[in-house]
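An overview of the molecular structure
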Amino acid sequence: MEAKPQAAPSTGSEGVDGTTSEAAMNVFLSQHVKDAIPDTVCGENSVLPLFTSLDWRPARTHLIVSDEAGLAAVERLLANPFPVSGERFTLHVLGRENKVDVLLLPDRMDACVNPDDRSFRELLCASLRASSSPTQLYAAGSQSFLLSVSRLARPGERVGSAIQAELTGSRARDVQCMCCKNIYRDIDYRALDCPRCEVTLMVSDHYSASVGAFETVALRPADANLQTLRKQRLW
Ligand SMILES: [Zn+2]
C-alpha cells in the first residue's frame, strides 16, 4: 500500500474545518520558530559589539579592568613586553581575589580588588576622572562586564575610542528596555519582562554602541511566539 505523502507544515492558522487550530500552530512554532526568529526579526540589522585580544598600545596611562573570568586574558597581556610609553599602570579587578601571577605585576602597577560591582564602578569612575594624560583602557571578562565598562568609560569621552575589550566568559547580554530605557544585565534568554513598565520584551541582535547595550522590541502578551522566546537562549 502506497503511503500518503506527508503534508508540509502549514504556516497558516486555519484547521481542516476552517477554524483556527491554535494547538497545531503552537506545535509548528515550537518546531520551527527558534531558527526563524533571528533571521526574520534581526536579520541584516544584526550588529554585535567588537571584541579583540588585548594588546599593548601607546599611551601614558594604562588602565586594566577585569572580572574573574577575564584574568587569564590579563595575564597574557602582562606577559608581553610593557610599552615604553607607559608611565602609569593600574589594574582593577571585580571579584574576590586577584589571581594574576604577582610576578607579572611590575613595581609601578597599582592593583586592587573590588568584591562588589558598586565599589568597582566607583573606583573605575574615579580612575577615569583622575586620568589627565592619554589613557588606554583594557577590559577582559564576560560580555555583561565589558558592556558595563564601556558605559562607564563613555561619559566625558575620557578614553574616547582607546578601549580594548576581550570576551572570555559568559555571553549573557545587557539589554535596554525600549520603553523606560532601563538597562538589565546578564540576560540569557530572548524574552524578558520589564518590571518597571510591565512590558514583555524581545532581545534583538542589534547592539547600540551609544547606549552600551542590546536593543529590545515589545511583544504583545498574546504573541504566539512568546513561550518559545522565553526558552530560547541567547548564547
Ligand atoms: Zn521598561
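Each residue is numbered by its place in its chain's sequence as written, counting from 1. Side-chain atom pairs in this predicted model are given and counted only at pLDDT of 80 or more, local residue features only at pLDDT of at least 70, and totals for whole chains, interfaces and linings cover all residues.

Let us look at the nonpolar core. Note on terminology: a nonpolar core is any set of buried Ala, Val, Leu, Ile, Met, Phe, Trp, Tyr and Cys residues joined through C-beta atoms within 7 Å. Labels follow a simple rule on C-beta atoms placed from the backbone: if 20 or more others lie within 10 Å of a residue's own, it is buried; if 12 or fewer, it is exposed; otherwise it is partly exposed. In this structure, Val74, Tyr138, Ala139 and Leu146 are the most contacted members of the largest nonpolar core, which totals 39 residues. An automatic or database domain assignment supplies the residue ranges for each domain. Residue assignment places this core across two domains, with domain 1 (61-167) and domain 2 (172-231) each supplying three or more. Contact between two residues is assigned whenever their backbone-derived C-beta positions fall within 7 Å. Beyond its immediate chain neighbours, meaning those up to four positions away, Tyr138 contacts Leu54, His62, Ile64, Leu77 and Gln164.

Should DSSP find at least two bridges between two strands, the strands are taken to pair. The helix and strand labels rest on DSSP assignments: H or I over at least four residues marks a helix, E over at least two residues marks a strand, and numbering proceeds from the N terminus. Spatially, β3-β2-β1-β4-β5 is the arrangement adopted by the five strands of the open sheet, whose pairing is parallel. Each having just a single partner strand, β3 (109-114) and β5 (163-167) make up the two edges of the open sheet. Each adjacent strand pair in this sheet contributes to an overall mean axis angle of 15 degrees, direction not counted. Where strand β1 (residues 61-67) lies against strand β4 (residues 135-141), six bridges are found, and the strand directions are parallel. Bridge assignment links Val65 to a residue of β4, and that residue is Ala139. Here, axes are lines fitted to C-alpha atoms. For helices the fit covers the stretch in contact, and angles between N-to-C directions go from 0 to 180 degrees.

This brings us to helix α4 (residues 143-153). Each α-helix turn comprises 3.6 residues. Residues three or four places apart therefore point the same way. In terms of burial, α4 is a largely internal element, nine of the 11 residues being buried. Inspection of α4 places Gln143, Ser144, Phe145, Leu146, Leu147, Ser148, Val149, Ser150 and Ala153 among the buried residues, and these make up the whole buried set.

Moving on to the confidence of the model for the chain. Confidence scores labelled pLDDT are given residue by residue by the predictor and lie between 0 and 100. A residue-level look at the chain finds 77% of positions with pLDDT of 70 or above and a mean pLDDT of 79. Highest mean pLDDT in the chain belongs to strand β6 (residues 173-176) (98); lowest belongs to helix α1 (residues 22-42) (42). Counting interchain partners and residues more than four positions distant, the pLDDT-below-50 stretch residues 1-23 has eight contacts.

Among the secondary structure elements, Val211 is positioned in the loop between β9 (199-208) and β10 (213-219). Under the C-beta neighbour-count criterion, Val211 is labelled partly exposed, with 17 such atoms within 10 Å. Residues Val211 and Lys181 lie 30 residues apart in sequence; the distance between their C-alpha atoms is 9.4 Å.

A separate point is the environment of Cys177. On the secondary structure map, Cys177 appears in the loop between β6 and β7 (183-187). A count of 21 C-beta atoms within 10 Å places Cys177 in the buried class. Counting along the chain gives 16 residues from Cys177 to Asp193, while the straight-line C-alpha distance between them is 9.1 Å. Apart from the residues within four sequence positions on either side, Cys177 is in contact with Asn182, Cys194, Arg196, Cys197, Leu201 and Thr216.

So, about the pairing of β9. For strand β8 (residues 191-194) and β9, the ladder comprises four bridges, and the chain directions are antiparallel. Looking across to β9, one finds that Cys194 is bridged to Val199. Count of turn residues in the β8/β9 antiparallel hairpin: four residues, of which Glu198 carries a positive phi of about 55 degrees. The turn linking β9 back onto β10 is made up of four residues, and Gly212 within it adopts a positive phi angle of 85 degrees.

We now examine the environment of Tyr189. Inspection of the secondary structure assignment puts Tyr189 in the loop between β7 and β8. Taking the C-alpha atoms as reference points, Tyr189 and Arg233, separated by 44 residues in sequence, lie 4.4 Å from one another. Setting aside chain neighbours within four positions, we find Tyr189 in contact with Arg230, Lys231, Gln232, Arg233 and Leu234.

Not every positive phi belongs to a glycine, and Lys181 is a case in point at roughly 70 degrees. With respect to the element layout, Lys181 can be found in the loop between β6 and β7. Although it is not a glycine, Asp186 sits at a positive phi angle of roughly 55 degrees. Relative to the elements of secondary structure, Asp186 occurs in strand β7.

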